[in-house]
Structure formats: structure tokens, C-alpha cells
Amino acid sequence: FPSHDIHKEKRLTADDRAAKIADLVLSEPSEAWMIWVETDYDADAIMRLLPDAVEVRGSMSPEVKEERLDAFTQGKIRILVSKPSIAGFGLNWQHCARTAFVGLSFSYEMFYQAIRRFWRFGQKRPVECHIAMAETETAIWQTIQRKKQDHETMKIEMFDSMRREVITKSVKNQYQPTVKAQLPSWIFNK
């Protein structure tokens, strides 16, 4: 699919994809949800169906973005909508175990990083990830799956390469101090 054909198709399915995700979110009113969108038209579609949701959009000021992301982090916002390119990196959302994509792009990195916002140290529950895609978007899913497999293969090969390097080039030098170590006085004043 050329890019313009994908977006033409995605525009045709935006409302249906948003409706599927909105149904999931509304079925769990006590859960925090992070909803990922790839385009502004996807964001518009989901925001029409979830009026209590709060969006973080690229055109917003940095201060508004920060305020909304922080409010979600603090649990003051139940439903947050944004793009992985805006909020998919570096945030820790262990308080949330529900996430959904109103469609995907071809970027495995964006997908992986967005999901990893929830699988963080301190997450106490299984993370549920939902993806709404039309049948006509299977090329995107197939590409994501291929890239995922490539990533897994690369990790295994890197691990094996590092293990071989350590085994074959292990150099051990005996420690020979040149300065006598001194402990700080506060250690002795207990």
C-alpha cells in the first residue's frame, strides 16, 4: 500500500475502530486507560465517543502537555488519548494496566515503546493491550509482527555474540592498590 492509500483506508475505518475501543473503555469504568492514536482523525473519532477522555495533542503548548501527562501519571485523569510519538517514550505508568490502539502505524518501535509504558518495575497486574484494526490493514499488522520477530532474533544474536566475546577474551588483572584506602570519620562516630 502506498502511504496515501493506507490513510484513505484508515479514514474510512476510523469511526468503527474508535467505537470498538470506546466499548472496551466504557465496559471498565473503574480502570485507567491509555488510548494510542496514530492520526488526528483517529483522536477526533475516539474523543467524540469518550467525552470524559483528556487528549494530549502535538499542537498543544508544552505546559499543557506536561500538565495532562502528569495528571494521568498521578491518577487524576482516567482516560488519556495521545500518539506514541508524543507520550510513548520515557513515561512510567505502572498505575495503569489497560491500553488500546485505535489502529497502528508501521513502526514496531512506536508500538513496543508505547506498550512498555505500563510494563514497568512496580506494575502489579497483567497489562491488557487491545488493538482495533480493519481487515484491510492486515499489511500493517504483518509488518509489525515481522519487525517483532526481527527484534527478538537480534536480541538473541546480540546475547550470543556478547557471551562468546566474554568467553574468548576474558582478561583478568590482579588488583594491586597503590593508595591505602581510608574510611571517612563519620563511619566511626555511630
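Structure's up top.
Quick caveat, the model's predicted, so the values are computed rather than measured. As a convention, each chain's residues are numbered from 1 in the sequence order in which they are written. Given that the model is predicted, a residue must reach a pLDDT of at least 70 before its local features are reported, and side-chain atom pairs must reach 80 or more before they are shown or counted; all residues, however, enter totals for whole chains, interfaces and linings. Calculated side-chain values reflect all of the structure's heavy atoms, with hydrogen atoms and water omitted.

### Quick look at a nonpolar patch on the surface
Okay, so step 1: What goes into a patch is any residue over 30% in relative accessible area without a salt bridge, connected to like charges within 9 Å or, for nonpolar side chains (Val, Leu, Ile, Met, Phe, Trp, Tyr), within 5 Å. Exposure was quantified through the Shrake-Rupley algorithm and a 1.4 Å probe, taking into account, for residues, occlusion by the shown protein chains and nothing else. The term salt bridge refers to a pairing of a side-chain nitrogen on Lys or Arg with a carboxyl oxygen on Asp or Glu at a separation within 4 Å. Taken together, the side chains of Leu183, Trp186, Ile187 and Phe188 present a nonpolar region at the surface, about 490 Å² in accessible area.
Okay, so step 2: Structurally, isoleucine 187 can be placed in the segment after helix 6 (138-168).
Okay, so step 3: In this scheme, a residue with accessible area under 20% of its type's maximum is buried, one over 50% is exposed, and one in between is partly exposed, where area comes from a 1.4 Å probe on protein chains only. Relative accessible area serves as the criterion here: at 32%, isoleucine 187 is assigned to the partly exposed category. Each helix is a run of DSSP H or I of at least 4 residues and each strand a run of E of at least 2, with the numbering of both proceeding from the N terminus.

### Structural notes on the pairing of strand 1 (residues 33-36)
Okay, so step 1: Along strand 1, one buried face is formed by Trp33 and Ile35 and the opposite face, lined by Met34 and Trp36, is buried too.
Okay, so step 2: Here, strands pair whenever DSSP counts at least two bridges between them. Sheet analysis places strand 1 next to strand 3 (residues 79-82), joined by four bridges and oriented parallel. The residue bridging tryptophan 33 from the neighbouring strand is isoleucine 79, located in strand 3.
Okay, so step 3: In terms of strand pairing, strand 1 meets strand 4 (residues 98-101) through three bridges, oriented parallel. Residue pairing in the sheet places methionine 34 in a bridge with threonine 99 of strand 4.

### Observations concerning the environment of methionine 47
Okay, so step 1: Along the polypeptide, methionine 47 turns up in helix 2 (residues 40-49).
Okay, so step 2: Overall, methionine 47 belongs to the partly exposed group, its relative accessible area being 21%.
Okay, so step 3: Each C-alpha atom, one on methionine 47 and one on alanine 18, is 8.7 Å from the other, the two residues being 29 residues apart in sequence.
Okay, so step 4: Two residues qualify as a contact provided that any one of their heavy atoms is within 4.5 Å of a heavy atom in the partner residue. In this view, methionine 47 contacts Ala53, Val54, Glu55 and Val81; residues no more than four positions away in its chain are not counted.

### Remarks on helix 3 (residues 62-73)
Okay, so step 1: The length a helix should cover is 1.5 Å for every residue beyond the first. Under the 1.5 Å per step criterion, the end-to-end length of helix 3 is 16 Å for twelve residues, consistent within 8% with the ideal 16 Å.
Okay, so step 2: Burial in helix 3 covers these residues: Leu69, Ala71 and Phe72. Taken end-on, helix 3 shows its buried residues confined to a sector of 160°, consistent with a single buried face. Turned more than 90 degrees away from the buried face of helix 3, the exposed residues are Pro62, Glu63, Glu66 and Glu67.
Okay, so step 3: Buried positions along helix 3 lie against strand 1, strand 3 and helix 4 (84-87). An arc is given here, and it is the one of the directions from the helix axis to the C-beta atoms.

### Concerning the packing of aromatic side chains
Okay, so step 1: Aromatic rings from Phe, Tyr and Trp, taking only the six-membered ring of Trp, are treated as a pair when their centres fall within 6.5 Å; an angle between ring planes under 30 degrees marks them as stacked, one over 60 as edge-to-face, and anything in between as tilted. The tally for this structure, following the rule as stated, stands at eight aromatic pairs.
Okay, so step 2: With a centroid separation of 6.2 Å and an interplanar angle of 85°, the aromatic rings of phenylalanine 111 and tryptophan 141 are classed as edge-to-face. Residue phenylalanine 111 is found in helix 5 (residues 108-116), and its partner tryptophan 141 is found in helix 6; the two are separated by 30 residues along the sequence.
Okay, so step 3: By relative accessible area, which is 34% here, tryptophan 141 ends up partly exposed.
Okay, so step 4: One aromatic cluster is present, built from ring pairs that chain together Trp36, Phe72, Trp93, Phe101, Phe111, Phe118 and Trp141.

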